[in-house]
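Secondary and tertiary structure notes
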Amino acid sequence: MSAIKPVSSGAAPLEENADNLKPSRQEAMKAVETLIRWAGEDPSREGLKGTPDRVARAYEEFFSGYDTDPVQLLQRTFEEIDGYDEMVLLRDIRFESHCEHHLAPIIGKAHVAYMPDRRVVGISKLARVVEAYAKRMQIQEKMTAQIANTIQEVLQPKGVAVVIEAAHQCMTTRGVHKSGVTMVTSRMLGLFRSNPSTRREFLSLVGNPGNSASSGMMG
Ligand SMILES: Nc1nc2c(ncn2[C@@H]2O[C@H](COP(=O)(O)OP(=O)(O)OP(=O)(O)O)[C@@H](O)[C@H]2O)c(=O)[nH]1
Ligand SMILES: [Zn+2]
């Protein structure tokens, strides 16, 4: 095991930002009540009485990633790997996120790979890093870059590759109303960027990104 120098994890939790003080739960519930009235409903009727509280709890879950520091997740590594120096790939990490423009769900899969440099990280931690960034208000490009950059900076492997394929409900349930559309993004660093055969090997192991309509992504 080895300790690693911490690096910045991107967005700071709201509570740490004095200019952007977090509203109380009560204020959040009041805002939901306002939206209910604005939609033309009566927030005091039986079925809606508990809704502001439920929505506040749902938001705590949807956006719990702000309470997690992805850098901390990657601190513990293992060096007894008997010279293992091939790719490590975690494929099909399902995630649920929300787009920062409409707060509509983004549902998809992430594929995360790295080329170790004398040490590896517990494999669940890669999925936890995906989760920490997914449970925030996102755009897919930013989330893809954040995952790859954090792994590269903290673990300092020989390379990192991240591919994300996802359906954006802001495109299906509203707006342009196009269902079955998948957005595919990728970020390749180190050997995955400079070495075409490493990149090819990764892409062939991942399969055919974007061809996921039949694999459970709900647009
Ligand atoms: N690049 C990118 N765009 C996204 C993502 N999620 C949502 N969007 C887009 O963000 C854009 C916001 O565009 P605006 O014109 O400001 O918003 P809008 O009027 O609601 O746009 P429409 O969705 O076209 O109705 C839309 O085109 C969305 O499809 C994402 O992860 N990445
Ligand atoms: Zn959107």
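Residues numbered from 1 in each chain as written. Chains lettered and ligands numbered in written order. Predicted model: local features only at pLDDT ≥ 70, side-chain atom pairs only at ≥ 80, totals over all residues. Heavy atoms only, no water.

**As for the coordination of the zinc ion (ligand 2)**
- In this structure, C99 (SG), H102 (ND1) and C170 (SG) serve as the protein donors to the zinc ion (ligand 2), at separations of 2.1 to 2.4 Å.
- Spacing between the donor residues of the zinc ion (ligand 2) along the chain follows C-x2-H-x67-C. (Donors = N, O, S within 2.8 Å, 3.2 Å for Na, K, Ca; no water.)

**Here's the deal with the domain arrangement of the protein chain**
- Along its sequence, the protein chain is organised into domain 1 (14-64) and domain 2 (70-206).
- Put simply, the middle of domain 1 and the middle of domain 2, counted by C-alpha atoms, are 31 Å apart.
- Carbon and sulfur atoms supply 70% of the area buried between domain 1 and domain 2, which totals about 470 Å² over both sides.
- In terms of surface lost to domain 2, no three residues of domain 1 exceed Y59, F62 and F63, which account for 83% of the buried area on that side.
- At the boundary of domain 1 with domain 2, the tally comes to zero salt bridges.
- Summed over the shared surface of domain 1 and domain 2, the number is zero residue pairs in polar contact (both at pLDDT 80 or more). (Domains from an automatic or database assignment. Buried area = accessible area lost by both parts, 1.4 Å probe. Salt bridge = Lys/Arg side-chain N within 4 Å of Asp/Glu carboxyl O. Polar contact = N/O pair within 3.5 Å; in protein donor to acceptor, adjacent residues only side chain to side chain.)

**Considering helix 2 (residues 51-62)**
- Taking 1.5 Å of rise per residue, 12 residues should cover 16 Å, and helix 2 covers 16 Å from first to last C-alpha, within 8% of that figure.
- The complete set of buried residues in helix 2 reads T51, P52 and A56. Along the axis of helix 2, the buried residues cluster in a sector spanning 135°; they form a single face.
- The inward-facing, buried residues of helix 2 abut helix 1 (25-38). (Helix = DSSP H or I, 4+ residues; strand = E, 2+ residues; numbered from the N terminus. Expected span 1.5 Å × (residues − 1). Buried < 20%, exposed > 50% of the residue type's maximum accessible area, 1.4 Å probe, protein only. Arc of directions from axis to C-beta. Contact = heavy atoms within 4.5 Å.)

**Digging into the UniProt feature "binding site: Zn(2+)" (unreviewed entry) in the protein chain**
- Annotation from UniProt places "binding site: Zn(2+)" (unreviewed entry) at C99, H102 and C170. In summary, the annotated positions, though distributed over 72 residues, converge in three dimensions, the widest C-alpha pair being only 7.8 Å.
- Tracing the backbone through its elements, the reader meets C99 in strand 2 (residues 88-99).
- Its relative accessible area of 5% is what places C99 among the buried residues. (UniProt positions renumbered as here; feature names shortened; annotations may be inferred.)

**Quick notes on the nonpolar core**
- Core analysis: the biggest nonpolar cluster contains 33 residues, and F95 and I147 have the highest contact counts within it.
- Within the residue set of this core, elements represented by two or more residues are helix 3 (70-73), strand 2, strand 3 (105-115), strand 4 (120-121), helix 4 (123-134), helix 5 (140-155) and strand 6 (159-168).
- Dropping the residues within four chain positions of it, I147 is found in contact with V112, V129, V130, Y133, V162 and I164. (Core = buried A, V, L, I, M, F, W, Y, C linked by side-chain atoms within 4.5 Å.)

**Considerations on the environment of D67**
- Along the chain, D67 turns up in the loop between helix 2 and helix 3.
- On the basis of relative accessibility, which here comes to 56%, the residue D67 falls in the exposed class.
- Spatially, the C-alpha atoms of D67 and A132 are 8.3 Å apart, while their sequence positions differ by 65 residues.

**Side note on the UniProt feature "domain: GTP cyclohydrolase I" (unreviewed entry) in the protein chain**
- In the UniProt entry, the feature "domain: GTP cyclohydrolase I" (unreviewed entry) is given for residues 30-206.
- Across residues 30-206, helical content stands at 41% and strand content at 27%; the span's end C-alpha atoms are separated by 45 Å.

**Topic: unusual backbone geometry**
- Positive phi, normally seen in glycine, also occurs at L103, with a value near 55°.
- Even without being glycine, R118 reaches a positive phi, approximately 70°.
- Positionally, R118 belongs in the loop between strand 3 and strand 4.

**A closer look at helix 8 (residues 196-206)**
- Residues of helix 8 that are buried include every one of T198, F202 and V206, and no others. Down the axis, helix 8 shows its buried residues gathered within 70° of arc, on one side only. Across from the buried face of helix 8, at angles greater than 90 degrees, the exposed residues are R200 and S204.
- Where helix 8 is buried, its residues touch strand 2, strand 3, strand 6, strand 7 (183-190) and helix 7 (191-194).
- Just beyond helix 8, the residue with positive phi is G207, at close to 95°.

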